[in-house]
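# A closer look at the structure
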Amino acid sequence: MSLSMGACPHAWQQHHLHHRGRMWAASPAFRRQLFLLRSLAPTCADGGRASSSSLRPHLMYAAAGPVYEADAEAVVRRITPPLDRARHKGQAGKIAIIGGCREYTGAPYFAAISALRVGADLSHVFCTKDAATVIKSYSPELIVHPILEESYSVRDDERESVSSSILAEVIKWMERFDCIVVGPGLGRDSFLMDCVGNIMRHARQANIPTVVDGDGLFLITNNIGLVEDNSLAILTPNVYEYKRLVQKVLNCEVNEENASEQLTALCQKIGGVTIMRKGKADLISDGKKVTQVSTFGSPRRCGGQGDILSGSVAVFSSWARHFLLSNEQPKETSVNPMVLGCIAGSLLLRKAAALAFEKNKRSTVTTDIIEFLGQRFVVSALDFHLVWQSFYLKISFLCCSLEDICPAGR
Ligand SMILES: NC(=O)C1=CN([C@@H]2O[C@H](COP(=O)(O)OP(=O)(O)OC[C@H]3O[C@@H](n4cnc5c(N)ncnc54)[C@H](O)[C@@H]3O)[C@@H](O)[C@H]2O)[C@@H](O)CC1
Ligand SMILES: Nc1ncnc2c1ncn2[C@@H]1O[C@H](COP(=O)(O)OP(=O)(O)OP(=O)(O)O)[C@@H](O)[C@H]1O
Ligand SMILES: [Mg+2]
């Protein structure tokens, strides 16, 4: 999926899309879709009253401030692009994971393969040399770049040149990506952190949306300038990562009684970023709205589920961005594609985890959940209806066939 018009080699196609987009933007159907999307994420300023909608059935004040349950299934349906035969490779998304070191090879793999399983066309991993062969051996689907270095493999006098060549190598690829995910399995080596900081600065200059997770959050917590005022940044902290972020940025402890206000304050203090605070319910905010996804997933808390989430959020936020950009939403709209991406990713992971748990119970591991990522729509009410219909037709057909072969009475 090419988000920047200028970067696309098929100008005629872009023109056509642009034209179609304008017609679509003017259509009542699009306006209705936009209204529905907007109504999924009410602003805190008006407490959501101005845009109340039947799509937001659960309003809660439990966390001192309005938190709305997102209609996440509706978000997934609207932002997911159709499987169009006219599309070519790359248009459904090109994602890169910056992570993977000696200790952690699972996390970048989980994030990268999840991006593919959700529906992206290409998934890259930029990792250390030690991790690359291992990650490649997990899956031939991934494009693995063994370019990062840790302190132990770089002499002091080489640091500067190695750092520049790492950046140059990533820059060669950067413009192609619709979103990068920084942090799954990255480790906390100081030289590596410096290099990844440079990569993040470049991604920002190039307007590439960036999901920051795992050790990427450790990096930005100590260098908040890396994401400050970046509306294309999404932070996905778990309970400990959130605690560290609150302590560093707000200079206080996590306050559960005031959860939504504290999350809003954190987003505002960092400036324009979107934060998804993971937990029993995932709380999502961009400093203006607080939405939650609390669909029940699984009681298993095996490591790696956050990695599935970061890869999925990268794809969904790219799709949401593309949906809103190509449909030329009016300037005054308050829909934030980064928030929509978080809502969709959270629902997907939770539904897949629920299905995996149903099958594997306590032995459920992250790989089991990934297997179910493609089956998410089966569980939605609409598709359940379709599945039931086709099941009913198949049963009827089978009964007829059996009767032909074995007529009653023989
Ligand atoms: N298979 C893999 O390769 C995996 C690698 N992972 C990577 O591992 C790296 C570290 O992430 P983690 O989430 O494990 O981070 P941490 O190493 O900070 O946390 C590990 C665990 O230690 C405990 N802990 C951490 N801080 C604590 C505190 N302040 N008080 C009490 N207990 C505390 C918690 O149980 C936590 O889940 C990241 O790069 C991450 O992406 C994880 O994603 C899990 C899967
Ligand atoms: N107590 C809980 N109940 C239900 N779901 C939860 C709970 N805690 C976390 N989750 C869900 O699990 C997913 C991963 O969150 P988690 O806190 O495990 O991330 P993480 O620690 O970063 O994972 P990883 O091991 O991949 O680093 C999120 O979608 C989150 O909503
Ligand atoms: Mg994590």
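Quick notes on the rules
- Residues numbered from 1 in each chain as written.
- Chains lettered and ligands numbered in written order.
- Predicted model: local features only at pLDDT ≥ 70, side-chain atom pairs only at ≥ 80, totals over all residues.
- Heavy atoms only, no water.
- Helix = DSSP H or I, 4+ residues; strand = E, 2+ residues; numbered from the N terminus.
- Buried < 20%, exposed > 50% of the residue type's maximum accessible area, 1.4 Å probe, protein only.
- Contact = heavy atoms within 4.5 Å.
- Areas by Shrake-Rupley, 256 points an atom, 1.4 Å probe, with all protein chains shown as cover.
- Near = heavy atom within 4 Å.
- Polar contact = N/O pair within 3.5 Å; in protein donor to acceptor, adjacent residues only side chain to side chain.
- Salt bridge = Lys/Arg side-chain N within 4 Å of Asp/Glu carboxyl O.
- Arc of directions from axis to C-beta.
- Pairing = 2+ DSSP bridges.
- Right-handed = clockwise from strand over helix to strand, strands pointing away.
- UniProt positions renumbered as here; feature names shortened; annotations may be inferred.

### Brief notes about the overall build of the protein chain
When helices and strands are tallied, the protein chain shows 14 helices and 11 strands. Out of the 410 residues belonging to the protein chain, those deemed buried represent 53%. Within the protein chain, counting contacts between residues at least 6 apart in sequence, those at least 24 apart form 68% of the total. When the accessible surface of the protein chain is split by element, carbon and sulfur atoms take 56% of a total near 19,600 Å².

### Comments concerning the site of ligand 2
In the neighbourhood of ligand 2, 14 residues make up the surrounding shell, with Asn-238, Lys-278, Asp-282, Gly-304 and Arg-350 lying closest. The backbone of Gly-279 places a nitrogen or oxygen atom 3.0 Å from an oxygen atom of ligand 2. Measuring from an oxygen atom of ligand 2, one finds a backbone N or O atom of Asp-307 at 3.1 Å. In the complex, the protein chains occlude 78% of the 620 Å² of accessible area that ligand 2 would expose alone. Of all the secondary-structure elements, those providing two or more residues to the shell around ligand 2 are α11 (305–326) and α12 (337–360). With four residues, the top contributor of residues to the shell around ligand 2 is α11.

### A look at the site of ligand 1
Among the 16 residues in the neighbourhood of ligand 1, the closest are listed as Ala-107, Gly-185, Asp-215, Tyr-240 and Asp-307. Within the backbone of Ala-107, an N or O atom sits 3.0 Å from an oxygen atom of ligand 1. Across the complex, the protein chains shield 55% of the 830 Å² of accessible surface that ligand 1 would expose by itself. Among the elements of the structure, α4 (106–118) and α9 (239–249) are those that each provide at least two residues to the shell around ligand 1.

### Observations concerning the pattern of salt bridges
What the rule picks out here adds up to 13 salt bridges. Residues Arg-155 and Asp-157 are paired through a salt bridge, measuring 3.1 Å at the closest nitrogen-oxygen approach. Asp-157 carries the same exposure label as Arg-155, and that label is exposed. In this structure, Lys-172 and Glu-169 form a salt bridge, with 3.1 Å as the shortest nitrogen-oxygen distance. Linking Lys-172 with Glu-169, this pair stays in helix α6 (residues 159–174), spanning three residues, or about one helical turn. On the basis of relative accessibility, which here comes to 55%, the residue Lys-172 falls in the exposed class. Among the charged side chains, a network of salt bridges with common partners joins Glu-73, Arg-77 and Lys-351.

### Regarding helix α5 (residues 129–138)
Of the residues making up α5, those classed as buried are Ala-131, Ala-132 and Ile-135. One face of α5 carries all of its buried residues, which in axial projection span an arc of 110°. In this structure, α5 carries Thr-133 and Ser-137 as exposed residues pointing more than 90 degrees from its buried face. Contact partners of the buried residues in α5: α4, β4 (122–128) and β5 (143–148).

### A word on the pairing of strand β3 (residues 94–98)
Within β3, five of the five residues are buried, which leaves the element mostly enclosed by the surrounding structure. Of the pairings in the sheet, the one linking β3 to β4 comprises five bridges and is parallel in character. Looking at β4, one finds that Ala-96 is bridged to His-124. Each parallel crossover has a hand, and the one from β3 via α4 to β4 is right-handed. In the sheet, β3 pairs with strand β6 (residues 179–182) via four bridges, with the strands oriented parallel.

### Description of the UniProt feature "binding site: (6S)-NADPHX" (unreviewed entry) in the protein chain
Look at the UniProt record and you will see "binding site: (6S)-NADPHX" (unreviewed entry) annotated at Gly-185, Asn-238, Val-239, Tyr-240, Glu-241, Tyr-242, Lys-243, Arg-244 and Asp-307. Mapped onto the elements, Tyr-240 comes out in helix α9. By relative accessible area, which is 58% here, Tyr-240 ends up exposed. Looking at where Tyr-242 falls in the secondary structure, it is placed in helix α9. In this view, Tyr-242 contacts Pro-237, Val-254, Gln-262, Leu-263, Leu-266 and Arg-277; residues no more than four positions away in its chain are not counted.

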